[in-house]
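Reading the structure
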Amino acid sequence: MIEVRELTKRHGGTTAVDHLSFVVRPGTVTGFLGPNGAGKTTTMRVLLGLGGATSGEALVNGGRYTELRRPMREVGALLDASAVHGGRRAFDHLGWLARSNGIGTRRVTQVLEQVGLAGVARKRIGGFSLGMRQRLGIAAALLGDPGVLVFDEPVNGLDPDGVRWIRELMRSLAAGGRTVLISSHLMSEMELTADRLVIIGRGRLIADTSVRELADRFRRGVLVRSPRPADLTAVLAAAGGGVESAPGGALSVTGLDVTAIGDAAAAHGIPLHEVTPHSASLEEAYMELTAGSAEFGAVTP
């Protein structure tokens, strides 16, 4: 389990993380979201012992990462896929990592096959594309078969097939009981991958919720289609609903749920061809939640 408790990190006069607290539990994929400069990477670096906290703490399985004797057996991480020696071969890169944590070379072969790099295991990393380096970084994270996995933008540089592979890998790791934390700016991908979301802005917690709960929070009403739209509009308005025209002759209804709409229509003998609850996309909900939290903003074209 990952626990961040009242974590604060300051760089000179700048507060990168401000009394941040959240928990990432086993068996779920947790998306770690926020605008550029929100403090996501700083939080991950403190968690992995790459930077000290000004106050508070970030723990893995109840302890600090720097206290782990064989860290790769408990925590796998990928923060920067380019942080590898270009002159080293892929197999050798993973080999020295494995030896440092008492992991056999057989495991190196297994993870290279798992990430699709077995065919280039003896090639030098300097000739790898960004997507191949991402796969190599993921292989390194999986090397010790850890129970906790931390990834910062793992789909950068991957083609659509690679993005889908990452999605399925993350979900399978969580289904196996592992704790998975992913930082990403791809809202559409997080919507398909994550179970829970931790959203921060300017170093502070904005939301800690499930994807479903967030969708319900930003529900946009119900889309309804009927061959008698005028009659249905009058009936739903009388029942307390707000009704507006939607594209294609449909109606957008607010203030009434699906059951209330169906009961009102049935009571007046009005047929319904479609009744679909409509929630905001994760991107729309995220933009509303983080409005005003972005450190950098551009003029909308």
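Refer to the structure above for everything that follows.
Reference entry: report on the structure contained in this document. (Residues numbered from 1 in each chain as written. Predicted model: local features only at pLDDT ≥ 70, side-chain atom pairs only at ≥ 80, totals over all residues. Heavy atoms only, no water.)

Pairing within the open sheet is mixed, and its 6 strands lie in the order β5-β6-β7-β3-β8-β9. Each end of this open sheet is capped by a strand with a single partner; those strands are β5 (75–78) and β9 (204–210). Across the sheet, the mean angle separating the axes of adjacent strands is 15° when strand polarity is ignored. Two strands pair when backbone bridges link them, and β5 and strand β6 (residues 148–152) are joined in this way by 4 bridges, in the parallel orientation. For alanine 77, the partnering residue across the bridge sits in β6 and is valine 150. Contacts from helix α4 (residues 130–142) reach β5 and β6, with the element oriented near 165° to β5. (Pairing = 2+ DSSP bridges. Helix = DSSP H or I, 4+ residues; strand = E, 2+ residues; numbered from the N terminus. Axes fitted to C-alpha atoms, helices over the stretch in contact; angles between N-to-C directions. Contact = heavy atoms within 4.5 Å.)

Looking now at unusual backbone geometry. Even without a glycine there, the phi angle at asparagine 61 is positive, about 55°. As for its placement among the helices and strands, asparagine 61 is situated in the loop between β4 (55–60) and β5. A relative accessible area of 43% places asparagine 61 in the partly exposed class. Phi at arginine 202 is positive, roughly 50°, even though this residue is not glycine. By the element assignment, arginine 202 lies in the loop between β8 (196–201) and β9. (Buried < 20%, exposed > 50% of the residue type's maximum accessible area, 1.4 Å probe, protein only.)

Moving on, we get to the side chain of asparagine 101. Among the secondary structure elements, asparagine 101 is positioned in the loop between α2 (90–100) and α3 (105–114). Apart from residues lying up to four places away in sequence, asparagine 101 is in contact with Arg70, Pro71, Met72 and Arg73.

Two side chains with opposite charge may pair up if their charged atoms get near one another. In this structure the tally under the stated criterion is 11 salt bridges. Here aspartate 208 and arginine 196 are joined by a salt bridge, their closest N and O atoms 3.3 Å apart. Of this pair, aspartate 208 sits in strand β9 while arginine 196 sits in strand β8, placing them 12 residues apart in sequence. Among the residues examined, arginine 196 registers a relative accessible area of 29% and is labelled partly exposed. The salt bridge partner of aspartate 231 is arginine 228, with a shortest N-O separation of 3.0 Å. Because the salt bridges share partners, they merge into one network encompassing Glu3, Arg5, Glu57 and Arg64. (Salt bridge = Lys/Arg side-chain N within 4 Å of Asp/Glu carboxyl O.)

Packed helices, taken two at a time, are described by their axes: the angle between them and the distance between them. For the pair α3 and α4, the least separation of the axes is 9 Å and the interaxial angle reads 135°. One way to sum up the angle between α3 and α4 is to call them oblique. The handedness of the crossing between α3 and α4 comes out as right-handed. Along its contact with α3, which presents Arg107, Val111, Leu112 and Gln114, the element α4 presents Leu136, Ala139 and Leu142. Residue classes in the contact of α3 with α4 are distributed as 5 nonpolar, 1 polar and 1 charged. (Parallel < 35°, antiparallel > 145°, perpendicular 65-115°, else oblique. Left-handed = near helix turned anticlockwise from the far one by under 90°. Nonpolar A, V, L, I, M, F, W, Y, C, P; charged D, E, K, R; others polar.)

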